[in-house]
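The primary structure of each chain is shown beneath.
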Amino acid sequence: MGELSRMWRETDHRYRMVGEKCGNCGKVYFPPRDICPTCHRDSIGKMNNVEMSGNGVVVSFTIVHDAPPAFSRQRPYILAIIKLDDGPTLTGQIVDTTPSEIDIGTRVRSVFRKISEDGHSGVIHYGYKFVKDQ
Ligand SMILES: [Zn+2]
């Protein structure tokens, strides 16, 4: 029981969306970077972890019909470029919605979902996806 709850806490920690903020210019990066591409050496030792809100807006999107085998159960799917309120822009899959509900400017928020499962080892991989913000 103690072992289980400890694992859950570690998992829970991993499931937060954490980026990096440059202490020199204030720009936020996701995924995290060790060095700010704008400030270069001035940012060394000044990059700080910052938790993303995970909220953002759809900048552009595409409907992917030709999915690789690992995604075959969920095709077609929506792949969008999302500008986070936190600053960074990233590419992510939008789930739990139909393409007709998504448009440029649609607000979304991040969720953590199972991405793939390794049948041999039983390892399940999780990652962030986005859902429409109601
Ligand atoms: Zn910087």
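Structure: above.
Some thoughts on the pairing of strand S6 (residues 89-95)
And step 1. Of the pairings in the sheet, the one linking strand S5 (residues 77-84) to S6 comprises six bridges and is antiparallel in character. Within S6, the position partnered with Ile78 by the bridge is Ile94.
And step 2. Counting the residues in the hairpin turn of S5 and S6 gives four residues, including Gly87, whose phi is positive at 125°.

Here we look at the environment of Val108
And step 1. When you line up the elements, Val108 lands in strand S7 (residues 107-117).
And step 2. Taking the C-beta count within 10 Å as the criterion, Val108 has 24 such neighbours and is therefore assigned buried.
And step 3. Separated by 53 residues in the primary sequence, Val108 and Asn55 place their C-alpha atoms 5.9 Å from one another.
And step 4. When near neighbours in sequence (up to four residues on either side) are disregarded, Val108 contacts Gly56, Val58, Ile82, Ile94, Phe130, Val131, Lys132 and Asp133.

With respect to the environment of Met17
And step 1. By the secondary structure assignment, Met17 is in the loop between helix H1 (2-14) and strand S1 (18-22).
And step 2. Met17 sits 111 residues away from Tyr128 along the chain, and the two C-alpha atoms are 7.8 Å apart.
And step 3. When neighbours within four sequence positions are excluded, Met17 is seen to be in contact with Glu51, Met52, Gly54, Ser110 and Tyr128.

A few points about the sheet that holds S1
And step 1. The strand order across the open sheet built from three strands is S2-S1-S3, with neighbouring strands paired in antiparallel fashion. Edge positions in the open sheet fall to strand S2 (28-29) and strand S3 (47-51), since each of these has one partner strand only.
And step 2. Alignment of S1 against S2, held across two bridges, turns out to be antiparallel. Bridging across to S2, Lys21 finds its partner in Val28.

Quick notes on the rules
- Residues numbered from 1 in each chain as written.
- Predicted model: local features only at pLDDT ≥ 70, side-chain atom pairs only at ≥ 80, totals over all residues.
- Pairing = 2+ DSSP bridges.
- Helix = DSSP H or I, 4+ residues; strand = E, 2+ residues; numbered from the N terminus.
- Buried ≥ 20, exposed ≤ 12 C-beta atoms within 10 Å, placed from the backbone.
- Contact = placed C-beta atoms within 7 Å.

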